[in-house]
Structure formats: C-alpha cells, structure tokens
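Structural description and commentary
This is what each chain is made of:
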Amino acid sequence: MKLRLAHLTDVHLAPLPPVGTFELMSKRALGYVSWHRFRKQKHRREVLDAVVADLHLVGPDHTVVTGDLTNISLSEEFGAAARWLARLGPPERVTVVPGNHDAYVPGAAELGWPLWAAY
C-alpha cells in the first residue's frame, strides 16, 4: 500500500493581526519586532495559499503540519489557524504538531491549542 504524505512546516500564518500594547508586554515584543523586520517578507500568505492549492490538486492521502502555525501566539492567530486548517482538509486527513511559536507565552497553548484538537 502506498501512502502519499504532504508535510508543511513553520507556516507562520500571515498577516500578523493587530496587537495591543498589553499583549506586547512579554516575549511577544521581540517576536513582533522580528516579524516586521524579517519574517513578514519570508512568510507570505499568497505563497502559502499557492502551496495549498497545489496540495489540493495533488491530493495527498494525509498532510502533516509541524510547528509554528502562529507567530506570537495571539488568540486571533489561533482562530485564524483553525480556519486555515479547515481549508487544508478534514481532521482525519490532516495532523498538526504545534511548535514553539504556538506556545510563545505562558498559557498560550492551553488557550489556543484546543481550537486544533481535532487535528
């Protein structure tokens, strides 16, 4: 039996949503600066959307997404990632392994990961 597997990693879904001052009073401040100085040029949504469109054409048996769906673990990022996962495929065909950016600050994993529990 053949199994065609797709693997996406470190997608860092763009764009970064608006960030309040209070949310930046943590490690997120460094991540915010890093996003605007470096990563937003590399992690472009239109490129990721094109990759996903290709995946849908190829039709892998299963897709694995490893690490860093979010950038700085904002609650809005977790919701956006859940919607993106639903477009990627159903939970029985997609598996997610969260990364360090998905647990960027204390409590982020407990609040955000349940949105991806089916995956």
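Rules and cut-offs
Residues numbered from 1 in each chain as written. Predicted model: local features only at pLDDT ≥ 70, side-chain atom pairs only at ≥ 80, totals over all residues. Heavy atoms only, no water. Helix = DSSP H or I, 4+ residues; strand = E, 2+ residues; numbered from the N terminus. Rg over C-alpha atoms; globule rule 2.2 N^0.38 Å. Buried < 20%, exposed > 50% of the residue type's maximum accessible area, 1.4 Å probe, protein only. Contact = heavy atoms within 4.5 Å. Expected span 1.5 Å × (residues − 1). Arc of directions from axis to C-beta. Lys, Arg positive; Asp, Glu negative; His and termini not counted. Salt bridge = Lys/Arg side-chain N within 4 Å of Asp/Glu carboxyl O. Pairing = 2+ DSSP bridges. Axes fitted to C-alpha atoms, helices over the stretch in contact; angles between N-to-C directions. Phe/Tyr/Trp six-rings, centres within 6.5 Å; stacked < 30°, edge-to-face > 60°.

1. A few points about the overall build of the chain
Of regular secondary structure, the chain possesses 4 helices and 3 strands. Relative to the compact-globule value of 14 Å for 119 residues, the chain shows a C-alpha radius of gyration of 15 Å, a close match. On the principal axes, the C-alpha backbone points of the chain span a range of 50 × 30 × 20 Å. Within the chain, buried positions represent 43% of all 119 residues. Long-range pairs, those at least 24 residues apart, make up 81% of the contacts in the chain between residues at least 6 apart in sequence.

2. Examining helix α2 (residues 45-58)
Given a rise of 1.5 Å per residue, 14 residues ought to cover 20 Å, and the 20 Å separating the end C-alpha atoms of α2 matches this to within 8%. Three or more residues of α2 are buried, namely L48, V52 and L55. For α2, the arc enclosing every buried residue in end-on projection is 55°, short of the 170-degree limit, so these residues lie on one face. Tucked inside the fold, the buried residues of α2 contact β1 (5-9), β2 (62-66) and α3 (75-88). Once α2 ends, the next one or two residues include G59, with phi positive near 70°.

3. Here's the deal with the side chain of R39
Counting through the fold element by element, R39 comes out in helix α1 (residues 28-42). Of the side chains bearing the opposite charge, D68 lies closest to the buried R39, which forms no salt bridge; the N-O distance is 7.1 Å. Non-local contacts of R39, meaning those with residues more than four positions away in its chain, are made with H12, G31, S34, N71 and H101.

4. Some thoughts on the sheet that holds strand β3 (residues 94-97)
Strands sit in the order β1-β2-β3 across an open sheet of 3 strands; the sheet is parallel. Strands with a single pairing partner mark the edges of an open sheet, and in this sheet they are β1 and β3. If you compare each strand with its neighbour and ignore which way they point, the axes differ by 15° on average. The pairing of β2 with β3 spans 4 bridges and is parallel. Looking across to β3, one finds that T66 is bridged to V97. Here α3 sits on the sheet in contact with β1, β2 and β3, set at roughly 160° to β2.

5. Let's talk about the packing of aromatic side chains
A complete count under the given rule lists 1 aromatic pair for this structure. Summarising the aromatic geometry, the rings of F78 and W116 are spaced 5.3 Å apart at their centres and angled 45° between planes, so their arrangement reads as tilted. Placement of F78 in helix α3 and of W116 in the segment after α4 (108-112) is noted, with a sequence separation of 38 residues between them. Here the two residues F78 and W116 agree in accessibility, since each one is buried.

6. Concerning the environment of V51
Within the secondary structure layout, V51 lies in helix α2. Since its relative accessible area comes to 34%, V51 is described here as partly exposed. When the C-alpha atoms of V51 and G107 are compared, they prove to be 31 Å apart, with 56 residues separating the residues in sequence.

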